[in-house]
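Geometric and topological summary
Take a look at the letters that make up each chain.
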Amino acid sequence: MSETKPFGNGAKFYNMTMVVREDGKVLVLDRIKTDWPGLTFPGGKVEKGESFTASAVREIKEETGLTLTDYRYRGIVTFVSDKWETEYMHLFTATGFEGELIDCDEGELEWISREKLDSIPKWEGDKIFLELLQKDEPFFSLKLRYEGENLKEAVLNGKAIL
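Values in this document were obtained by computation on a predicted structure and should not be read as measured data.

What follows deals with the confidence of the model for the chain. Summarising the model, the chain shows a mean pLDDT of 92, and 94% of its residues fall at 70 or more. Segment residues 1–7: pLDDT under 50, and two contacts once partners within four positions in sequence are set aside and those in other chains are kept.

One open sheet accounts for seven strands, arranged E4-E1-E6-E5-E8-E9-E10; its pairing is mixed. If you trace the sheet from one side to the other, it starts and ends with strand E4 (43–45) and strand E10 (159–160), each paired once. Where strand E5 (residues 67–81) lies against strand E6 (residues 87–98), eleven bridges are found, and the strand directions are antiparallel. In the sheet register, Arg72 faces E6, and the bridge partner there is Thr93.

All right, on to the packing of aromatic side chains then. Applying the stated rule across the entire model yields six aromatic pairs. Measuring from centroid to centroid gives 5.1 Å for Tyr73 and Phe139, while their planes differ by 90°, and the two rings are edge-to-face. One end of the pair, Tyr73, is in strand E5; the other, Phe139, is in the loop between helix H3 (124–134) and strand E8 (140–147), and 66 residues separate them in sequence. Looking at Tyr73, the relative accessible area reads 31%, which means it is partly exposed. The class for Phe139 is partly exposed, based on a relative accessible area of 46%. Arranged with centres 5.7 Å apart and planes meeting at 25°, the rings of Phe97 and Trp111 form a pair that is stacked. Here Phe97 is found in strand E6, whereas its partner Trp111 is found in strand E7 (residues 107–112), with 14 residues between them in sequence. Overall, the relative accessible area of 25% leaves Phe97 in the partly exposed class. Taken together, the aromatic side chains of Phe13, Phe52 and Tyr88 make up a single cluster linked through ring pairs.

Taken together, three strands build an open sheet; the order of strands is E3-E2-E7 and the sheet is antiparallel. The open sheet has two free edges, formed respectively by strand E3 (38–40) and E7, since each of these has just one partner strand. Geometrically, the sheet is characterised by an average inter-axis angle of 30° between neighbouring strands, direction not taken into account. Of the pairings in the sheet, the one linking strand E2 (residues 26–31) to E7 comprises six bridges and is antiparallel in character. When the bridges of E7 are listed, Val26 appears paired with Ile112.

Another point: the environment of Gly99. Take Gly99: it is sitting in the loop between E6 and E7. According to the relative accessible area criterion, Gly99 is partly exposed, its value standing at 47%. A C-alpha to C-alpha distance of 28 Å links Gly99 and Phe139, two positions 40 residues apart in sequence.

Before going further, it helps to spend a moment on the nonpolar core. Val77, Phe129, Phe140 and Leu144 are the most contacted members of the largest nonpolar core, which totals 26 residues. Among the secondary structure elements, those contributing two or more residues to this core are strand E1 (12–19), E2, E5, E6, H3, E8 and strand E9 (150–156). If you tally residues by element for this core, the top one is H3, at five residues. Setting aside chain neighbours within four positions, we find Val77 in contact with Glu87, Tyr88, Met89, Leu91, Phe129, Phe140, Leu142 and Leu144. Of all hydrophobic cores here, the second largest spans ten residues; its members include Leu27, Leu29, Leu68 and Ala94.

Rules of the game
- Residues numbered from 1 in each chain as written.
- Predicted model: local features only at pLDDT ≥ 70, side-chain atom pairs only at ≥ 80, totals over all residues.
- Heavy atoms only, no water.
- pLDDT = per-residue confidence, 0-100.
- Contact = heavy atoms within 4.5 Å.
- Pairing = 2+ DSSP bridges.
- Helix = DSSP H or I, 4+ residues; strand = E, 2+ residues; numbered from the N terminus.
- Phe/Tyr/Trp six-rings, centres within 6.5 Å; stacked < 30°, edge-to-face > 60°.
- Buried < 20%, exposed > 50% of the residue type's maximum accessible area, 1.4 Å probe, protein only.
- Axes fitted to C-alpha atoms, helices over the stretch in contact; angles between N-to-C directions.
- Core = buried A, V, L, I, M, F, W, Y, C linked by side-chain atoms within 4.5 Å.

Structure (structure tokens):
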């Protein structure tokens, strides 16, 4: 009997969490790894048998030292590309946490203002989901289709927006 893989061959599942302090600053990670360099929110791969929520809580603890106490599962972004395998990014926001930041072997952690976050260069699709997170949009499904590094299609909750 052959093994059945959900969502086709090679799909990858990730999580990312926008952690927000009481003063409105957000936690970013300036990644030094070559597979995904630059500023991003903390997060990582969903492990086999792990729920999306459990993976987000685990990744925040591992990368930042913080224990999430108040967080929400906000949406899913499907990245489709002619160059890379399909990826599913599960997005969370967190406004409650305990603990102190630790040194992260994946890069430097920093609390930045929303204004600075808005000024950082981003992929076109990232701008879309970041705006949805900042507007406190209800749970959403966003499909982003890239040809090379160019965003060719964006579909939000089943409706084309690009």
